[in-house]
Amino acid sequence: APRSARVFVGVLLALLLVPGLIGFDAWPLTAWRLFSASRDAEQTSWVLEAVDGDGSRRVVSLEELPLRYRHAEWPMADLPGASEGHRDAVCRALAEAVAEAEPGTVEVVIGRDHARLVEDAHGHWSTEHDVEPFHSCTPAGTRA
């Protein structure tokens with residue numbers, strides 16, 4: 001192989017390995033944390049709950065919302081340290097998208113879902129969810 005190809009491959013390998021060894025993330029270089037983070041039986045994530053007129057709740061998957069909302073968990077994760085006005089702005093933006101996906105929604109609740117895997121007596125695994133409400137709002141044009 002030509003010397004230039006060997007140099008190119010060496011530089012490419014260094015660019016892929018050094019961030020992982022040092023532990024920094026600078027796009028497009030990565031420390032590979034996404035692939036190396038341990039996953040256990042308990043996971044906590046941010047979720048949206050749609051509340052309809054009779055008070056029943058349903059967790060709305062971000063995959064059901066328009067494409068621009070697919071990574072909404074990132075702005076939701078910043079809400080604990082945010083001002084009340086910022087929380088309301090994020091919530092209302094998400095509430096409008098949820099109301100489009102779930103007609104009849106009168107309130108949207110942003111919460112922390114504490115999910116855990118449980119095994120029943122027959123050896124079947126299922127997921128139990130415990131949603132802890134954090135912030136709520138109403139979609140534009142509706143009344144709470």
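Above this note sits the structure.
Just so it is clear, the structure is predicted and the values come from calculations on it, not from any experiment.

(A) Up close: the packing of aromatic side chains. Applying the stated rule across the entire model yields 1 aromatic pair. Ring centres 5.4 Å apart and planes at 85 degrees place the aromatic pair tryptophan 46 and phenylalanine 134 in the edge-to-face group. Placement of the pair is tryptophan 46 in strand β1 (residues 42–52) and phenylalanine 134 in strand β4 (residues 125–137), with a sequence separation of 88 residues. Classification of tryptophan 46 by relative accessible area gives buried; the value is 8%. Exposure remark for phenylalanine 134: the relative accessible area of 30% places this residue in the partly exposed category.

(B) Highlighting the state of the cysteines. Throughout the structure, instances matching the rule amount to 1 disulfide. Each sulfur of the disulfide joining cysteine 91 and cysteine 137 lies 2.2 Å from the other. Looking down the S-S bond of the cysteine 91 and cysteine 137 bridge, the torsion is -95 degrees, so its handedness is left-handed. Taken together, the residues span a long stretch of sequence, with cysteine 91 in helix α4 (residues 84–101) and cysteine 137 in strand β4 at a distance of 46 residues. Both residues of the pair, cysteine 91 and cysteine 137, count as buried.

(C) Layout of the nonpolar core. Counting residues in each nonpolar core, the largest one holds 20 residues, and the members touching the most others are Leu48, Leu65, Met76, Leu94, Val98 and Ile110. Counting only elements with at least two residues in this core, the list comes to β1, α4 and β3 (105–119). Isoleucine 110 has contacts with Trp46, Val47, Leu48, Met76, Leu79, Cys91, Leu94, Pro133, Phe134 and His135, leaving out every residue within four places of it along the chain.

Conventions used here
- Sequence order as written defines the numbering, with residues in each chain counted from 1.
- In view of the model being predicted, local features appear only for residues whose pLDDT reaches at least 70, and side-chain atom pairs are presented and counted only at 80 or more, with totals across whole chains, interfaces and linings using the full set of residues.
- Hydrogens and water are ignored here; the side-chain numbers use all heavy atoms of the structure.
- Between 30 and 60 degrees the pair is tilted, below 30 it is stacked and above 60 it is edge-to-face, where a pair is any two Phe, Tyr or Trp rings, Trp via its six-membered ring, whose centres lie within 6.5 Å.
- Numbering goes from the N terminus for both helices and strands, where a helix is a DSSP run of H or I of at least four residues and a strand is a run of E of at least two.
- Per-residue accessibility, obtained with a 1.4 Å probe over protein chains only, is compared with the maximum for each type, and a residue is labelled buried under 20%, exposed over 50%, and partly exposed between these values.
- Two cysteine sulfur atoms make up a disulfide if the distance between them is within 2.5 Å.
- Buried residues of nine kinds, namely Ala, Val, Leu, Ile, Met, Phe, Trp, Tyr and Cys, make up a nonpolar core once their side-chain atoms join them within 4.5 Å.
- Any two residues whose heavy atoms approach within 4.5 Å are treated as being in contact.

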